[in-house]
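Residues per chain are reported as follows:
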Amino acid sequence: MTDARAIAEKVRGCPGVAGLSGGLFGTVATYLPGERLVGVAVHEEDVEIAIIARLGRPLPALADEIRQAVSGLTGDRLVNVRIDDLEEIP
């Protein structure tokens with residue numbers, strides 16, 4: 001079983017990630033005992049990650065960095081990174 005919490009922590013640790021997003025309708029989430037983890041949905045064949053990105057770096061490079069950061073946790077699953085919103089750097 002893939003640990004959605006560990007994936008979320010790796011994603012949050014990537015420079016350029018302001019936070020995780022559930023998407024427009026909150027569908028990107030993993031349901032855990034007593035908790036709904038927003039921003040990571042682990043499926044049988046893929047992992048969906050939705051983020052809020054900080055402005056300042058190329059978005060395709062950020063998505064690739066996220067894929068690389070979680071690669072050790074996702075096995076052979078395809079990792080789809082979705083950028084739902086942008087945040088200005090303070």
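Above this text sits the structure in question.
Quick summary incoming for the structure in this document. Computed from a predicted model, the values in this text were never measured in an experiment. (Residues numbered from 1 in each chain as written. Predicted model: local features only at pLDDT ≥ 70, side-chain atom pairs only at ≥ 80, totals over all residues. Heavy atoms only, no water.)

**A short note on a nonpolar patch on the surface**
A surface patch of nonpolar side chains, about 330 Å² in accessible area, is lined by Leu 55, Leu 59, Leu 86 and Ile 89. Mapping Leu 59 onto the fold places it in helix H2 (residues 59-74). (Patch = residues over 30% accessible without salt bridge, like charges linked within 9 Å, V, L, I, M, F, W, Y side chains within 5 Å. Areas by Shrake-Rupley, 256 points an atom, 1.4 Å probe, with all protein chains shown as cover. Salt bridge = Lys/Arg side-chain N within 4 Å of Asp/Glu carboxyl O. Helix = DSSP H or I, 4+ residues; strand = E, 2+ residues; numbered from the N terminus.)

**Here we look at the pattern of salt bridges**
Tallying each qualifying case throughout the model produces 6 salt bridges. Here Asp 64 ties to Arg 67 by a salt bridge, and the two come within 3.0 Å at their closest N and O atoms. Taken together, the residues span about one helical turn, with Asp 64 and Arg 67 both in helix H2 at a distance of 3 residues. For Arg 82, the salt bridge identified is with Asp 84, shortest N-O distance 2.8 Å. Residue class for Arg 82 comes out partly exposed when judged on its relative accessible area of 31%. (Buried < 20%, exposed > 50% of the residue type's maximum accessible area, 1.4 Å probe, protein only.)

**Here we look at the side chain of Ser 21**
Tracing the backbone shows Ser 21 in the loop between strand S1 (17-20) and strand S2 (29-32). In terms of polar contacts, Ser 21 uses its side chain to reach the backbone amide nitrogen of Gly 23, at 3.1 Å. Leave out the neighbours within four places in its chain, and Ser 21 touches Val 28, Val 38, Gly 39, Ala 50, Ile 51, Ile 52 and Asp 84. (Polar contact = N/O pair within 3.5 Å; in protein donor to acceptor, adjacent residues only side chain to side chain. Contact = heavy atoms within 4.5 Å.)

**Some details on the nonpolar core**
Residues Ile 7, Val 11, Val 17, Ile 49, Ile 51 and Ile 66 are the most contacted members of the largest nonpolar core, which totals 20 residues. Looking at this core, the elements that each hand over two or more residues are helix H1 (4-12), S1, strand S5 (46-54), H2 and strand S6 (78-87). (Core = buried A, V, L, I, M, F, W, Y, C linked by side-chain atoms within 4.5 Å.)

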